[in-house]
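Here is how the chains run, residue by residue.
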Amino acid sequence: KLLVVIRRLLIIIVSVSITYAWLSWSGVVNISGTSECFDVNYVKGQDIGSDSNPANFVLASTYTEGLSSVIKVNLKDTCTITNGTGTLYLNTDTSVTSSTLLSGKLLKYQVLDGTTPVGSGIVSSAESIEIYKDIPITTTVKTITVYIWLDGNLVTEQNQNEILSSVYKGHISMDIKSGDK
């Protein structure tokens, strides 16, 4: 029964978060989705670019030169459960994202839990990509940073103009389940 309640609350959180997700990736806005037990704060919003404000990439040699977003998540200390487990997703919108970025395997992601690298890879499809799973959620605030970057080492003189004029749009989302049964 608790799982049903948590699932419903997560659906509400996702719905509320998506409603506000049209904010620009670069906006300095705090958006929080809060259920009975979990706090998830998408510090800069969930979107990575949007129809009206696409993400602007520069050629980068490392993930720290790309776009980033910070997610802070924790279990409320007033809750009766003792822990949870989260999964973080990167979702790409192909109605806006240039196919050049996806097919060229130039667009990469890096995930840090605090300062520890916990996931990295290539964004090559419009699917929802699981970028960090089995995230332990406790009452201690966990800070997760997601970087999206354009690998300049893979760009050639022949494809540079096409790549630099490409657009990316996507968003991050998190699913959390109670660890108590």
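Residues numbered from 1 in each chain as written. Predicted model: local features only at pLDDT ≥ 70, side-chain atom pairs only at ≥ 80, totals over all residues. Heavy atoms only, no water.

J.: How would you explain the overall build of the protein if you had to name every residue and give the values?
T.: Secondary structure summary: the protein contains three helices and 11 strands in total. If you list the helices and strands of the protein from N to C, you get α-β-β-β-β-β-β-α-β-β-β-β-α-β. For the protein, buried positions account for 45% of its 181 residues. Looking at the protein alone, contacts between residues at least 24 apart form 76% of all its contacts between residues at least 6 apart. (Helix = DSSP H or I, 4+ residues; strand = E, 2+ residues; numbered from the N terminus. Buried < 20%, exposed > 50% of the residue type's maximum accessible area, 1.4 Å probe, protein only. Contact = heavy atoms within 4.5 Å.)

J.: Break down the packing of aromatic side chains for me, citing the residues and quoting the values.
T.: Using the criterion set out here, one finds one aromatic pair in the structure. Judged by centre distance (4.9 Å) and plane angle (65 degrees), the ring pair of tyrosine 63 and tyrosine 147 falls under edge-to-face. Taken as a pair, tyrosine 63 in the loop between strand S4 (59–60) and strand S5 (67–75) and tyrosine 147 in strand S10 (residues 142–151) lie far apart in primary sequence, 84 residues in all. For tyrosine 147, a relative accessible area of 15% translates into the label buried. (Phe/Tyr/Trp six-rings, centres within 6.5 Å; stacked < 30°, edge-to-face > 60°.)

J.: Describe the pairing of strand S8 (residues 116–122), with residues and values.
T.: Of the pairings in the sheet, the one linking strand S7 (residues 107–113) to S8 comprises six bridges and is antiparallel in character. Bridged to valine 111 within S8 is glycine 119. If you look at the hairpin formed by S7 and S8, you'll find two residues sitting between the two strands, and glycine 114 has a positive phi there, around 70 degrees. (Pairing = 2+ DSSP bridges.)

J.: Tell me about the side chain of lysine 108, and name the residues and values.
T.: If you trace the backbone, lysine 108 turns up in strand S7. Accessibility expressed as a relative area gives 19% for lysine 108, which makes it buried. A polar atom in the side chain of lysine 108 sits 2.7 Å from the side chain of aspartate 151. Discounting residues that sit within four places of it in the chain, lysine 108 has contacts with Gly121, Ile122, Val123, Tyr147, Ile148, Trp149, Asp151 and Leu154. (Polar contact = N/O pair within 3.5 Å; in protein donor to acceptor, adjacent residues only side chain to side chain.)

J.: Please set out the side chain of lysine 142 residue by residue, giving values where relevant.
T.: Turning to its location among the elements, lysine 142 is positioned in strand S10. Residue class for lysine 142 comes out buried when judged on its relative accessible area of 16%. At a separation of 3.1 Å, a polar atom in the side chain of lysine 142 contacts the side chain of aspartate 113. When residues no more than four places from it in sequence are discounted, the contact partners of lysine 142 are Ile71, Lys72, Val73, Asp113, Ile135 and Pro136.

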